[in-house]
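Listed here are the chains, written in short residue letters.
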Amino acid sequence: MSIDYTERIPNNVDLAGDRRLQRALESWQPRFLQWWGEMGPALPTQDVYLRTAVAVGRDGWANFAQVKLPEYRWGIFLAERDPDRRIAFGQHKGEPVWQQVPGEHRASLQRLIVVQGDTEPASVEQQRHLGATAPSLYDLRNLFQVNVEEGRHLWAMVYLLHAHFGRAGRDEAEALLLRNSGSEDSPRILGAFNEETPDWLSFFMFTYFTDRDGKYQLGTLKESAFDPLSRTCEFMLKEEAHHMFVGTTGVDRVAERTAELMRIHDTGDIAPFGGIPLAVIQKYLNFHYSVSLDLFGGETSTNVANYFTSGLKGRWQEERRDDDHVLTEAVTPVQQLDGGAIVEVDLPALTALNHDLRTQYIADCQTGITRWNRILASNGISGPGLYLPHVGFNRRVGLFAGCHITPDGRVVDEASWAAGRASWLPTAADKAHVESLMRPVYEPGKIAAWLAPPRNGINGQPLDYEYVRF
Ligand code: BYC
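Residues numbered from 1 in each chain as written. Predicted model: local features only at pLDDT ≥ 70, side-chain atom pairs only at ≥ 80, totals over all residues. Heavy atoms only, no water.

Student: Hey, could you run me through the site of the ligand in this one?
Tutor: Within the structure, the ligand sits among 28 residues, and Q116, G298, S301, K313 and N354 are positioned closest to it. The contact in question runs from an oxygen atom of the ligand to an N or O atom on the side chain of T119, over 3.4 Å. A distance of 3.1 Å separates a nitrogen atom of the ligand from a polar atom in the backbone of D294. Contact with the protein chains hides 80% of the accessible area of the ligand, taken as 1000 Å² for the molecule alone. Put simply, the parts of the chain that give the shell around the ligand at least two residues each are α2 (106-126), α5 (200-221) and α8 (302-309). A breakdown of the residues in the shell around the ligand according to their chemical character gives 9 nonpolar, 12 polar and 7 charged. (Near = heavy atom within 4 Å. Polar contact = N/O pair within 3.5 Å; in protein donor to acceptor, adjacent residues only side chain to side chain. Areas by Shrake-Rupley, 256 points an atom, 1.4 Å probe, with all protein chains shown as cover. Helix = DSSP H or I, 4+ residues; strand = E, 2+ residues; numbered from the N terminus. Nonpolar A, V, L, I, M, F, W, Y, C, P; charged D, E, K, R; others polar.)

Student: Would you explain the packing of α5 against helix α6 (residues 227-265) in this entry?
Tutor: The axes of two packed helices give the description: the angle between them and the distance between them. In contact at an axis separation of 8 Å, α5 and α6 are set at 155° when each is read in the N-to-C sense. As far as their axial angle goes, α6 and α5 are roughly antiparallel. The interaxial crossing formed by α5 with α6 has left-handed handedness. Residues belonging to the contact of α5 with α6 are distributed by class as follows: 15 nonpolar, 7 polar and 4 charged. (Axes fitted to C-alpha atoms, helices over the stretch in contact; angles between N-to-C directions. Parallel < 35°, antiparallel > 145°, perpendicular 65-115°, else oblique. Left-handed = near helix turned anticlockwise from the far one by under 90°.)

Student: Before we go on, may I ask you to explain helix α7 (residues 278-294) in this structure?
Tutor: One turn of an α-helix holds 3.6 residues; hence residues three or four places apart share an orientation. The terminal C-alpha atoms of α7, which comprises 17 residues, lie 25 Å apart, in line with the 24 Å expected from a rise of 1.5 Å per residue. Within α7, 16 of the 17 residues are buried, which leaves it mostly tucked inside the rest of the structure. (Expected span 1.5 Å × (residues − 1). Buried < 20%, exposed > 50% of the residue type's maximum accessible area, 1.4 Å probe, protein only.)

Student: Sorry, what's going on with α8 here?
Tutor: Those residues of α8 not exposed but buried are V304, A305, Y307 and F308. With its buried residues spanning 160° around the axis, α8 presents them on a single face. Buried positions along α8 lie against α2 and α9 (353-378). N-capping of α8 is provided by S301, with a side-chain oxygen placed 3.2 Å from the backbone N of N303. In the segment just after α8, G311 is the residue with positive phi, at about 90°. (Arc of directions from axis to C-beta. Contact = heavy atoms within 4.5 Å.)

Student: Explain the packing of helix α3 (residues 137-164) against α5 here, please?
Tutor: Where α3 contacts α5, the axes come no closer than 13 Å and their chain directions differ by 40°. Put simply, α3 runs oblique to α5. You can see that α3 and α5 cross each other, and the crossing is left-handed. On α5, the residues that touch D139, L140, L143 and E150 of α3 are W200, F203, F204 and D211. For the contact of α3 with α5, the per-class residue count stands at 5 nonpolar, no polar and 3 charged.

Now the structure itself:
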């Protein structure tokens with residue numbers, strides 16, 4: 001079904017055919033807009049060159065135009081339905097997928113949708129003030145693009161809550177606008193979404209590492225037996241790709257400029273020359289990677305085993321896996337702490353599914369490291385370069401929570417941890433230096449001096465295009 005933009009809530013779910021649901025969502029809409037006004041981008045602007053979804057098919061799904069941010073058309077889009085789709089895993093494997101929520105799985109599905117939904121507005125809140133310090137109009141536009149699409153992903157989850165979870169779902173949809181990132185009284189649900197994103201290096205690291213968790217979690221929900229959730233996540237993944245592009249190329253550009261300054265000035269200490277030293281980039285990376293690893297939950301989890309067995313949440317690329325898709329007999333090696341040593345033990349694959357997903361994620365994160373080191377090398381910087389810290393480093397969730405593990409994987413005591421901390425995680429001085437570089441550059445085609453220019457403009461536009469108008 002194509003998307004009708006004359007409707008108050010653009011959608012491809014025939015909202016007009018269900019007046020009750022339409023009215024319920026129309027009464028949530030002003031609350032969303034109020035939240036956007038209070039917690040969304042703080043920088044006043046006129047028009048922003050934004051992509052808006054106009055169809056869900058393979059080609060031409062999006063339209064680019066100058067849009068006023070508060071007038072962005074947030075809509076409800078589900079990927080096309082496959083009438084023959086069957087459950088690919090768990091105890092219901094081979095049965096037709098569900099169009100309605102089975103009563104026995106109501107609470108679990110609602111919980112998964114709420115957790116997913118909670119992250120979307122959280123990230124908008126975290127990024128609220130970044131517009132004040134954008135390194136270029138190109139970057140500012142990308143920030144707003146990410147923000148409006150996270151807003152749309154909130155709509156995606158709110159639609160499911162309203163359409164399938166009755167009164168309880170409507171209450172949860174309300175609550176999604178009431179919790180706030182970093183709030184003392186009612187924080188966001190997952191740890192990483194209560195951290196600050198105070199500067200653009202953090203933003204690039206967040207869109208690289210934390211949005212990438214989003215990619216993997218959405219990938220597992222796309223496998224869900226609950227078909228509306230699966231189709232929603234499939235379309236969200238399409239939009240998500242740009243968010244990770246912002247992270248990948250953002251860090252690319254920082255690394256490129258850092259290498260250039262190191263070469264020109266023949267020193268690693270490039271802070272006095274207006275650059276971000278490699279050691280500081282590594283510390284930001286260490287932080288964002290470790291808090292993003294926490295988003296996968298515990299290495300062993302009965303929650304995830306139940307989600308899988310009952311068909312609610314599959315594995316990354318479930319159908320490409322070469323096994324029985326039931327996993328009642330399978331085991332998998334997992335790293336654990338045994339006394340003072342990190343050892344590998346075989347655990348039931350079912351309870352280790354968070355670990356399985358995290359393993360896929362880590363391999364994906366490694367591609368960024370390889371890429372950034374290639375950029376450093378091609379700019380004449382040899383040496384160890386950037387790296388992913390050990391999976392146990394700086395963890396608050398799972399087997400390594402509360403342990404002191406160095407980035408190179410040594411288990412150390414409290415005193416050694418305290419002594420090393422400043423060389424592993426951003427210090428107040430590192431943050432102050434990064435903060436000092438955050439000065440807005442709003443002239444078309446101009447770029448701040450702490451990062452390299454992007455390779456290309458957006459949607460074939462030149463780099464000096466006026467991506468944002470004030
Ligand atoms: N912080 O059994 P366990 C995105 C809780 S990002 C706080 O090991 P489980 C995006 C856990 O809820 C993707 N609490 O965990 C990115 C459980 O509590 P209950 C978001 C945590 O359930 C950028 C208890 O600890 N989507 O889209 O196997 C921008 C025991 O945990 C944390 C999803 O996460 C934490 N980090 O797995 C915008 C998908 N970790 O139930 C958007 C939906 C765990 O005992 N969520 N806990 O009260 C899930 O699939 C699962 O809930 C989790 C946890 C993977 C998060």
